[in-house]
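Structural overview
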Amino acid sequence: MSEVEAGTPAEEPMFELPPELAIDTGVARRVIAQFIRGQLRQAGFERAVLALSGGIDSALVAYLVAEAIGPEQLLCVMMPYRTSSPDSRGDAETVVTALGCASDLVEITAMVDGYFGADGVVGEGGAEALEASALRRGNFMARMRMATLYDRSVTWRGLPVGTGNKTESLIGYTTLFGDSACAFNPIGDLYKSQVRQLSAAIGVPERIIRKAPSADLWPGQTDETEAGFTYPVLDRVLFWRVDRRRSVDEMVAIGFERALVERVDKMVAGAEFKRQVPPIAKLGPRTAGVDYLYPRRRPGSARP
Amino acid sequence: MGNRLGGVQPLRIALAQIAPRLGDLEANLTRHHELIAEARRRGTGLVIFPELGLTGYQLQDLAADVAMRLDDARLAGLAEAARGMSAVVSFVEESADHRLFIAAALLEDGEVRHVHRKVFLPTYGLFDERRFFAAGDVVRATPSRLGVGIGLAVCEDFWHMSTPHLLAMDGAHLLINVSSSPGRDLASTHEVGLGTAASWRTLMRTYAQLTTSFVVFCNRVGVDESLSFWGGSEVIGPTGATVFGAPMFEEGLFTADIELGDVRRERITLPLLRDERPELVAREWGRIVAGRAGLAEDGAS
């Protein structure tokens, strides 16, 4: 793959791509562009809106949407909190400038601090919330961003596009009704390694591809130090377990550490609820999602 | 049939590689009429639309809402519009006893000449067809105004070797598969960048060669929900050689000219069908079927 070999021989490769995960990026771009256009058309929309963090996932989706419908139809909303890295903001602005799409800046600091409080001043969440864990704060931030994005989708008249990848969805490294909320997701079936490969092919700035992935919920946080394994390793485990249906014993025979496989299995099982629509108690003759089964978009469902 | 088989007039086939609107029968019907008219302007003898081209694929409970009886005036209208040509269209057929089938119909001389009801309904992986549809029970070739036998099949029907085999043995010279094949598996090792496409391409060439028939594959494009359909419609000659390949993912009416005489030439050169042993196959199948039903004598299964 030319993407892997990008750069001069003396340089570090931009990213590590396990060979079994390599995709045909040309076909991927065509499928995704058709998917984005199809989703918008069926819903009666021409525009799209997404939350741009400065990280690789949302940068890639911005490039894909711009390629599918043109940058003038895309609004990227940047929603930093007061502790968010200034570098993330700078990287997001690089993407906006490179694409020539519209952008909005909405600080979520007042919304988040209004609930948890700040500097010893109690917020709407009560005194206890002043001591809230980083996890609670991170989830709350993700949901404030979601609320903002959906409001912006009204004023921009565009559908919110999801930016979560397959790796984080499978292990549950995502906030329910937060960053995972969207009208449709073009990259939700791509592992992080494949996100990197496609990003390189479509021209996402190298700096964004190279930097350590981070939820940026607190200064210095990175996904890989938090999880304790690297994305190429995690992606391979998930690929062989999920896509190639290998048993734990077979995984060990291939050369994976049993403890690692079992730990990843547990994360995947524990996150099942995040990937599905909540169950409705079956009471009536026809129940949505059980025996009332219609496509999301059908005649009459498009916005006029 | 066969009076024109050795003829020298090429047959122009038009492949309508369309993106049907899900559940919108009227919009799709309009599109069919437009493309039939365009096919006529381009001198087409046979125009083919993909599986469920009149309704879209991922219908779920909409299937009952878009179903048509075979005497539906809209089908008669299409047949009338295609008069002077042969046309293959696909839709949800409702039988008199209210079963819903995925059907493909050959329209000729202003009428429905032949209907094939999809026999194999995939209900695994991303597919859930058996939940919403009844399975057809018949695989049969039909004579046509083109002077050759035509064998109709729908998508998954061609993932079972028995279908092309039966159609060819029943007199088809031209095997037509209409599909709504969702693309998947982008592994970079695939010949054309898409696992689904690579598999189908292998099947088409194999069937054409083994049945010494033309194989025509008409696949849709566009998106239903999560699924992206990849197009790549093809015409394969009776030697297994590619006559025409439409681009992947692009909507359009693509035409290809074939020499129907190629079937006769190939079957004289390579008389595989002459040497088939249908009585042996039927006998062995009889034994195997009995065995699977637990009716075989001891040790026979």
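Residues numbered from 1 in each chain as written. Chains lettered and ligands numbered in written order. Predicted model: local features only at pLDDT ≥ 70, side-chain atom pairs only at ≥ 80, totals over all residues. Heavy atoms only, no water.

Quick look at the overall build of chain A now. For chain A, the count of helices and strands is twelve helices and four strands. For a compact globule of 304 residues, the expected C-alpha radius of gyration is about 19 Å, and chain A comes in at 20 Å, within 12% of that figure. Counting only C-alpha atoms and orienting by the principal axes, one finds that chain A spans roughly 55 × 50 × 45 Å. Relative to its 304 residues, chain A shows a buried fraction of 47%. Look at the contacts in chain A between residues 6 or more apart in sequence, and 72% of them connect residues 24 or more apart. A total of about 14,600 Å² of accessible surface is found on chain A, and carbon and sulfur atoms cover 55% of it. Chain A carries 35 positive and 39 negative side-chain charges, and their two centres are separated by 8 Å. (Helix = DSSP H or I, 4+ residues; strand = E, 2+ residues; numbered from the N terminus. Rg over C-alpha atoms; globule rule 2.2 N^0.38 Å. Buried < 20%, exposed > 50% of the residue type's maximum accessible area, 1.4 Å probe, protein only. Contact = heavy atoms within 4.5 Å. Areas by Shrake-Rupley, 256 points an atom, 1.4 Å probe, with all protein chains shown as cover. Lys, Arg positive; Asp, Glu negative; His and termini not counted. Charge placed at Lys NZ, Arg CZ, Asp CG, Glu CD.)

A few words on the sheet that holds strand 13 (residues 242–245) of chain B. Strand pairing within a sheet occurs via backbone hydrogen bonds; the two strands may be parallel or antiparallel. Residue and element names in this part refer to chain B. The strand order across the open sheet formed by six strands is 6-7-8-9-12-13, and the pairing between neighbours is mixed. Because the sheet does not close on itself, it has two edges, and the strands there are strand 6 (142–143) and strand 13. Pairing between strand 12 (residues 234–236) and strand 13: three bridges, direction antiparallel. Each bridged residue has a counterpart across the sheet, and for Glu234 the counterpart in strand 13 is Gly245. Each of strand 7 (149–154) and strand 8 (174–179) touches helix 5 (residues 162–169); the most contacted strand, strand 7, lies at about 165° to it. (Pairing = 2+ DSSP bridges. Axes fitted to C-alpha atoms, helices over the stretch in contact; angles between N-to-C directions.)

This paragraph deals with the domain arrangement of chain B. Residues and elements named next belong to chain B. As assigned here, chain B comprises domain 1 (11–266) and domain 2 (271–301). Its C-alpha centre places domain 1 at a distance of 31 Å from the equivalent point of domain 2. Counting residues at the interface gives seven residues for domain 1 and four residues for domain 2. For the pair domain 1 and domain 2, the number of links is zero salt bridges. Going through the elements one at a time, helix 5 and helix 6 (195–211) are the ones with two or more residues in the side of domain 1 that touches domain 2. Tallied by class, residues from the side of domain 1 that touches domain 2 come to three nonpolar, four polar and no charged. (Domains from an automatic or database assignment. Salt bridge = Lys/Arg side-chain N within 4 Å of Asp/Glu carboxyl O. Nonpolar A, V, L, I, M, F, W, Y, C, P; charged D, E, K, R; others polar.)

All of the buried residues along helix 10 (residues 231–243) of chain A are A:Tyr231, A:Pro232, A:Leu234, A:Asp235, A:Val237, A:Leu238, A:Phe239 and A:Trp240. Packing partners of the buried residues in helix 10 of chain A comprise helix 6 (166–171), helix 7 (192–202), helix 9 (223–227), helix 11 (248–254) and helix 12 (258–270) of chain A.

Residues and elements named next belong to chain B. Look at His98: it is not a glycine, yet its phi comes out positive at around 65°. Considering the arrangement of structural elements, one finds His98 in the loop between strand 3 (86–94) and strand 4 (100–108). The phi dihedral of Cys155 is positive, around 40°, even though this residue is not glycine. Its place among the elements puts Cys155 in the loop between strand 7 and helix 5.

Listed per partner, the contact involves 25 residues of chain A and 28 residues of chain B. For the chain A and chain B pair, buried surface summed over both sides reaches about 2,100 Å², with 54% attributable to carbon and sulfur atoms. Three residues stand out in chain A for area buried against chain B, namely A:Arg30, A:Gln34 and A:Leu293, and they jointly supply 26% of the buried area on that side. Where chain A touches chain B, the interface holds two salt bridges. The residue B:Asp61 makes a salt bridge to A:Arg286 at a minimum N-O spacing of 2.7 Å. One can count ten residue pairs in polar contact (both at pLDDT 80 or more) joining chain A with chain B. Here the side of chain A that touches chain B is composed, by residue class, of 13 nonpolar, four polar and eight charged. (Buried area = accessible area lost by both parts, 1.4 Å probe. Polar contact = N/O pair within 3.5 Å; in protein donor to acceptor, adjacent residues only side chain to side chain.)

On the surface, a cluster of nonpolar side chains totalling about 300 Å² of accessible area is made up of B:Trp285, B:Ile288 and B:Val289. Along the chain, the position of B:Ile288 falls in helix 8 (residues 278–292). (Patch = residues over 30% accessible without salt bridge, like charges linked within 9 Å, V, L, I, M, F, W, Y side chains within 5 Å.)

Helix-helix packing: each pair is described by the crossing angle between the helix axes and the interaxial distance. Residue and element names in this part refer to chain A. Contact pair helix 2 (residues 56–69) / helix 3 (residues 86–99): the axes reach a minimum separation of 10 Å and the direction vectors enclose 10°. What the angle tells us is that helix 2 and helix 3 run roughly parallel. Across from Ala59, Ala62, Tyr63 and Ala66 in helix 2, the residues of helix 3 making contact are Val95, Ala98 and Leu99. Here the contact of helix 2 with helix 3 is built from residues that sort into seven nonpolar, no polar and no charged. (Parallel < 35°, antiparallel > 145°, perpendicular 65-115°, else oblique.)

Quick look at the pattern of salt bridges now. Enumeration over the complete set of coordinates arrives at 40 salt bridges over all chains. In this structure, A:Asp91 engages A:Arg207 in a salt bridge whose closest nitrogen and oxygen atoms are separated by 2.7 Å. Of the two residues, A:Asp91 sits in helix 3 while A:Arg207 sits in helix 8 (residues 206–210), which places them 116 residues apart along the sequence. You can call A:Asp91 buried: its relative accessible area is 5%. Residue class for A:Arg207 comes out partly exposed when judged on its relative accessible area of 47%. A salt bridge links B:Glu251 to B:Arg31; the shortest N-O distance between them is 3.7 Å. Note that B:Glu251 is positioned in the loop between strand 13 and strand 14 (252–258) and B:Arg31 in helix 1 (residues 25–41), a separation of 220 residues in sequence.

Considering all chains together, one arrives at 13 aromatic pairs over all chains under this definition. Aromatic pair A:Tyr115 and A:Phe140: ring centres 4.5 Å apart, planes at 15°, arrangement stacked. One end of the pair, A:Tyr115, is in helix 4 (residues 109–116); the other, A:Phe140, is in helix 5 (residues 134–156), with 25 residues separating them in the sequence. Since its relative accessible area comes to 30%, A:Tyr115 is described here as partly exposed. Assessed through its relative accessible area of 19%, A:Phe140 is described here as buried. Measuring from ring centre to ring centre gives 4.8 Å for A:Tyr292 and A:Tyr294, while their planes differ by 55°; the resulting arrangement is tilted. Feature note: the residues B:Trp159, B:Trp200, B:Phe217 and B:Trp230 constitute an aromatic cluster, connected by ring pairs. One cation-aromatic arrangement involves A:Arg137 over A:Phe116; the distance from NZ or CZ to the ring centre is 4.9 Å. Taking the ring centre of A:Tyr231 as reference, the NZ or CZ of A:Lys192 above it sits at 5.3 Å. (Phe/Tyr/Trp six-rings, centres within 6.5 Å; stacked < 30°, edge-to-face > 60°. Lys NZ or Arg CZ within 6 Å of the ring centre and 35° of its normal.)

Here the focus is the nonpolar core. By size, the foremost hydrophobic cluster in this structure holds 132 residues, and its most contacted members are A:Ile36, B:Ile48 and B:Ile176. Among the elements that make up this core, the one with the highest residue count is helix 2 of chain A (eleven residues). The contacts of A:Ile36, once residues within four sequence positions are left out, are A:Leu64, A:Val65, A:Ala68, A:Ile69, A:Phe184 and A:Pro186. Core analysis: the second largest hydrophobic core is formed by 24 residues, B:Ala87, B:Phe91, B:Ala103 and B:Leu107 among them. (Core = buried A, V, L, I, M, F, W, Y, C linked by side-chain atoms within 4.5 Å.)

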